[in-house]
Amino acid sequence: MSSDTMKAGSKTGSLQRYSGIQIALHWSIALIIISMVPVGLVMTRLDPSNLTNLLYELHKSFGLIVFGLAVIRIGARFALGAPALEPDMPRWQVMAARVSHGALYLLIILVPLTGWAATSACCAPVNLFWTIPLTLPIGGGFDTAGPIFLLHNIFTMAMVALIFVHAAAALYHHYSMKDDTLRKMMPGERR
Ligand code: HEM
Ligand code: HEM
């Protein structure tokens, strides 16, 4: 087993799980994203009102939090590695897991980053929960923001599609294959 596949699981008993920090980051990012997508879809379709403004502010702030957590998560992945994939997985599944996990890491950066960049260009200031100023130095107004918002939507839809496949694969491993794939990402379980 390579050091990359060993480090995170080495302290967790017979079942090699992701480290506690990786598990906490995985599920908190997942929870925020799963809530953020419907908020994004609803807020852009509501008439202007105090509620709409509130949803926009919450969307932007929680999106910025996803960005921050994603940066920490990728750092943790480099520092701590990941447990090995199940030993009897066919080669195509190993490839699919690697590619889709890599794409998910990329998208949890690109989705909030494009939202952040576009909002900074058209609609400054960007504040974290109405207080901490985090506007990026990007000018150009709506002309610049338009194409970046388009990317924000495309990346979001790609991420949502991938999350469906990803969650389905995790549940398939757990209930059909009955292997340890899902348990590795769950806190407090031992084999
Ligand atoms: C994980 C993070 C994020 C997710 C999943 C997400 C998702 C979405 C979705 C689904 C929409 C609706 C697209 C549409 O149907 O028009 C949207 C729109 C929007 N997002 Fe995000 N977003 C995230 C982060 C951010 C961040 C960090 C910002 C800004 C700081 C942001 C700013 C916006 C804005 C201003 C819109 C409205 C765009 C428009 O009016 O066309 N988003 N987002
Ligand atoms: C909603 C947003 C989600 C995102 C962005 C996401 C992202 C990721 C990423 C990037 C990895 C790779 C970890 C690594 O190798 O370092 C991963 C692993 C994993 N995810 Fe998710 N995930 C999400 C939701 C879910 C859901 C809903 C489930 C379960 C139903 C799930 C189950 C798992 C499992 C079991 C693993 C470990 C796979 C393995 O090591 O073989 N994830 N996730």
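Coordinates for the structure precede this section.
Residues numbered from 1 in each chain as written. Chains lettered and ligands numbered in written order. Predicted model: local features only at pLDDT ≥ 70, side-chain atom pairs only at ≥ 80, totals over all residues. Heavy atoms only, no water.

**As for the coordination of the iron atom of ligand 2**
The textbook angles at a metal center are 109.5 degrees for a tetrahedron of four donors and 90 or 180 degrees for an octahedron of six. Using the following cut-off: Counted as donors are N, O and S atoms no farther than 2.8 Å from the metal, or 3.2 Å for Na, K and Ca; water is not among the atoms, and sites may therefore look incomplete. The geometry test gives tetrahedral to four donors whose angles all lie between 85 and 135 degrees, gives square planar to four donors and octahedral to six donors whose opposite members are over 155 degrees apart with all other angles between 65 and 115, and gives irregular to the rest. Comment: elements are numbered from the N terminus, with helices defined as DSSP H or I runs of at least four residues and strands as E runs of at least two. Note on exposure labels: buried denotes an accessible area under 20% of the residue type's maximum, exposed denotes more than 50%, and partly exposed covers the range between, all computed with a 1.4 Å probe on protein chains only.
Distances from the iron atom of ligand 2 to its protein donors, namely His-26 (NE2) and His-166 (NE2), fall within the range 2.0 Å. What the six donor atoms of the iron atom of ligand 2 show is an angle range of 86 to 179° at the metal, which sorts the shape as octahedral. Of this pair, His-26 sits in helix H2 (residues 20-43) while His-166 is found in helix H5 (residues 141-177), placing the two residues 140 residues apart along the sequence. The exposure class of His-166 is partly exposed, given its relative accessible area of 26%.

**Considering the site of ligand 1**
For clarity, the threshold we go by: Consider each residue's heavy atoms; a residue with any of them within 4 Å of a molecule or strand counts as near. Pairs of N or O atoms within 3.5 Å make up the polar contacts considered here, provided that, within protein, one atom can donate a hydrogen while the other can accept it, and that residues adjacent in sequence are counted only when both atoms are side-chain atoms. Think of it as three bins: nonpolar holds Ala, Val, Leu, Ile, Met, Phe, Trp, Tyr, Cys and Pro, charged holds Asp, Glu, Lys and Arg, and polar takes everything else, Gly as well.
Around ligand 1 there are 25 residues in total, and Arg-45, His-59, Gly-115, His-152 and Asn-153 lie nearest to it. Contact between ligand 1 and His-59: a nitrogen atom at 2.8 Å from a side-chain N or O atom of the residue. Residue His-152 places a side-chain N or O atom 2.8 Å away from a nitrogen atom belonging to ligand 1. Among the elements of the structure, H2, helix H3 (50-80), helix H4 (91-123) and H5 are those that each provide at least two residues to the shell around ligand 1. Looking at the shell around ligand 1, its residues break down into 14 nonpolar, nine polar and two charged.

**Some thoughts on the nonpolar core**
Proteins that are soluble and globular tend to have nonpolar side chains buried together. Selection criterion: Buried Ala, Val, Leu, Ile, Met, Phe, Trp, Tyr and Cys residues form a nonpolar core when they are joined through side-chain atoms within 4.5 Å. When checking whether two residues touch, look at their non-hydrogen atoms; a contact exists if any pair is within 4.5 Å.
Membership of the largest hydrophobic core comes to 20 residues, with the highest contact counts inside it found for Ile-29, Ile-33, Ile-108 and Met-159. Within the residue set of this core, elements represented by two or more residues are H2, H3 and H4. When near neighbours in sequence (up to four residues on either side) are disregarded, Ile-108 contacts Ile-29, Ile-33, Val-66, Ala-70, Arg-73 and Met-159. In terms of nonpolar packing, the next biggest core, distinct from the first, is built from six residues, Ala-117, Cys-122, Ala-145 and Ile-148 among them.

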